[in-house]
Amino acid sequence: MDDGFLMEVCVDSVESAVNAERGGAGRIELCAGLVEGGTTPSMGLLQVVKQCVRVPVFVMIRPRGGDFLYSDREVEVMKADIRLAKLHGADGLVFGALTEDGRIDTELCTALLAVCRPLPVTFHRAFDMVHDPVVALETLISLGFERVLTSGCDSSALEGLSLIKRLAEQVMPSALNVTSWFFLPGGGITERNLQRILEGSTASEFHCSARSARDSGMKFRNPNVTMGASFSAPEYSIKVADVAKVRTLNAIAKNIL
């Protein structure tokens, strides 16, 4: 922590984790699928990262991209991932869950927090999709989360700075008798706007990815093929297997055979 600020860097690889620590990160948020805003990383990645860095590693628990309304089976995946992350050395967990009307899913969060303990837990940017951030914040505090990652319910932490500041004032010890609670501004933070965000938010921690492009070492390249979609997944659109389409594909395959 430099000058009273702790920098959390979001990473999706061992190289990034090592570079983050070398650059001065005080904590790492480990995830996969950064294009989708972060999903649960592999336990192999967690194991190797823990071998390579000494700073705390908080593990993202998010079974898919898209919204934060989870099915019963997805909840079971989340619980299993939490147990595995704890088993493989996670220092903290990061998750979020909402109801269909944009409120904190208190029942699910309570159940997941119980699995996470005694590790500290961050409520991630699902917070930025809530219907009422003031009520949502009070709910998170009452549930026992230690911090919230937020862009102030806007496109970036800079755009949402005024809300972040108001919410930070809401959790001052004199306001809600909170002795240790952290706001983690995140979203679009760069070297050009960090100072303004920290000064305007009164936050003592901040979250960034701090990435730059690095050219591949591949000498042979096929310019005609890309892996995966070339665009970000819509926030409110979830791709699931369609029974009718699966049946059709299966029928076509059988006809070919």
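Residues numbered from 1 in each chain as written. Predicted model: local features only at pLDDT ≥ 70, side-chain atom pairs only at ≥ 80, totals over all residues. Heavy atoms only, no water.

**What about the sheet that holds strand 4 (residues 92-95)?**
Adjacent strands of a sheet form backbone hydrogen bonds with each other and so pair up, either parallel or antiparallel.
Alright, step 1. On the basis of which strands lie adjacent, the open sheet formed by eight strands has the order 7-6-5-4-3-2-1-8 and parallel pairing. The open sheet has two edge strands with one neighbour each: strand 7 (182-185) and strand 8 (205-208). On average, adjacent strands in this sheet sit at an angle of 25° to one another, irrespective of strand direction.
Alright, step 2. Strand direction decides the pairing type here: strand 6 (residues 147-150) and strand 7, joined by four bridges, are parallel. Of the residues in strand 7, the one forming a bridge with L149 is L184.
Alright, step 3. Across the face of the sheet, helix 2 (residues 43-52) comes into contact with strand 2 (27-30) and strand 3 (57-60) while running at roughly 170° to strand 3. (Pairing = 2+ DSSP bridges. Helix = DSSP H or I, 4+ residues; strand = E, 2+ residues; numbered from the N terminus. Axes fitted to C-alpha atoms, helices over the stretch in contact; angles between N-to-C directions. Contact = heavy atoms within 4.5 Å.)

**Let's talk about the nonpolar core**
Alright, step 1. Formed by 61 residues in total, the largest nonpolar core has its most connected members in I28, F95, F123, F145 and W181.
Alright, step 2. Per-element tally for this core: the top contributor is helix 4 (residues 106-116), with six residues.
Alright, step 3. Setting aside anything within four residues of it in sequence, one finds F95 in contact with I61, C109, L112, L113, C116, V121, T122, F123, H124 and F145.
Alright, step 4. Ranked by size, the runner-up nonpolar core spans six residues in total, among them C10, C31, F58 and V94. (Core = buried A, V, L, I, M, F, W, Y, C linked by side-chain atoms within 4.5 Å. Buried < 20%, exposed > 50% of the residue type's maximum accessible area, 1.4 Å probe, protein only.)

**Points about the pairing of strand 2**
Alright, step 1. Neither face of strand 2 is open: one carries R27 and E29, the other I28 and L30, and all of them are buried.
Alright, step 2. Of the strand pairs in this sheet, strand 2 and strand 3 are connected by three bridges, and their pairing is parallel. Residue pairing across strands places E29 opposite F58, the latter belonging to strand 3.
Alright, step 3. Crossover strand 2 to strand 3 through helix 2 is right-handed. (Right-handed = clockwise from strand over helix to strand, strands pointing away.)

**Looking at the packing of helix 3 (residues 72-87) against helix 4**
Alright, step 1. Direction vectors running N to C along helix 3 and helix 4 enclose 20°, while the axes themselves pass 9 Å from each other. Of the possible angle classes, the one that applies to helix 3 and helix 4 is roughly parallel. Crossing hand, helix 3 versus helix 4: right-handed. Residue-level contacts link V75, M78, K79, I82, R83 and K86 of helix 3 to L108, A111, L112, V115 and C116 of helix 4.
Alright, step 2. Here the residues of the contact of helix 3 with helix 4 are counted per class, giving eight nonpolar, no polar and three charged. (Parallel < 35°, antiparallel > 145°, perpendicular 65-115°, else oblique. Left-handed = near helix turned anticlockwise from the far one by under 90°. Nonpolar A, V, L, I, M, F, W, Y, C, P; charged D, E, K, R; others polar.)

**Notes on the pattern of salt bridges**
Alright, step 1. Within this structure, the stated rule accounts for eleven salt bridges.
Alright, step 2. Linking E74 and R64 is a salt bridge whose minimum nitrogen-to-oxygen distance equals 2.6 Å. Here the residue E74 occupies a position in helix 3, and R64 occupies one in the loop between strand 3 and helix 3, the gap between them amounting to ten residues. Residues E74 and R64 agree in their burial class; the two are buried.
Alright, step 3. For R192, the salt bridge is made with E191, and the minimal N-O distance between the two is 3.7 Å. (Salt bridge = Lys/Arg side-chain N within 4 Å of Asp/Glu carboxyl O.)

**Some thoughts on helix 8 (residues 194-201)**
Alright, step 1. Turning to helix 8, its buried residues number three or more, namely I197, L198, G200 and S201.
Alright, step 2. Those residues of helix 8 that are buried are in contact with helix 6 (161-170), strand 7 and strand 8.
Alright, step 3. Looking one or two residues beyond helix 8, the residue adopting positive phi is T202, at roughly 60°.

**Here's the deal with the side chain of S156**
Alright, step 1. For S156, the location among the structural elements is in the loop between strand 6 and helix 6.
Alright, step 2. Apart from the residues within four sequence positions on either side, S156 is in contact with S151, G187 and G188.

**Thoughts on the packing of aromatic side chains**
Alright, step 1. Taken as a whole and judged by the stated rule, the model has two aromatic pairs.
Alright, step 2. One aromatic cluster is present, formed by F95, F123 and F145 through successive ring pairs.
Alright, step 3. Across from the ring centre of F58, 5.0 Å away, lies the NZ or CZ of R27, which sits over that ring. (Phe/Tyr/Trp six-rings, centres within 6.5 Å; stacked < 30°, edge-to-face > 60°. Lys NZ or Arg CZ within 6 Å of the ring centre and 35° of its normal.)

**A few points about helix 5 (residues 133-143)**
Think of an α-helix as 3.6 residues a turn; residues three or four steps apart then line up on the same face.
Alright, step 1. Every buried residue of helix 5 is accounted for by P133, A136, L137, T139, L140 and I141.
Alright, step 2. Its side-chain oxygen placed 3.1 Å from the backbone nitrogen of V134, D132 serves as the N-cap of helix 5.
Alright, step 3. Just downstream of helix 5 lies G144, where phi reads positive at about 110°. (Polar contact = N/O pair within 3.5 Å; in protein donor to acceptor, adjacent residues only side chain to side chain.)

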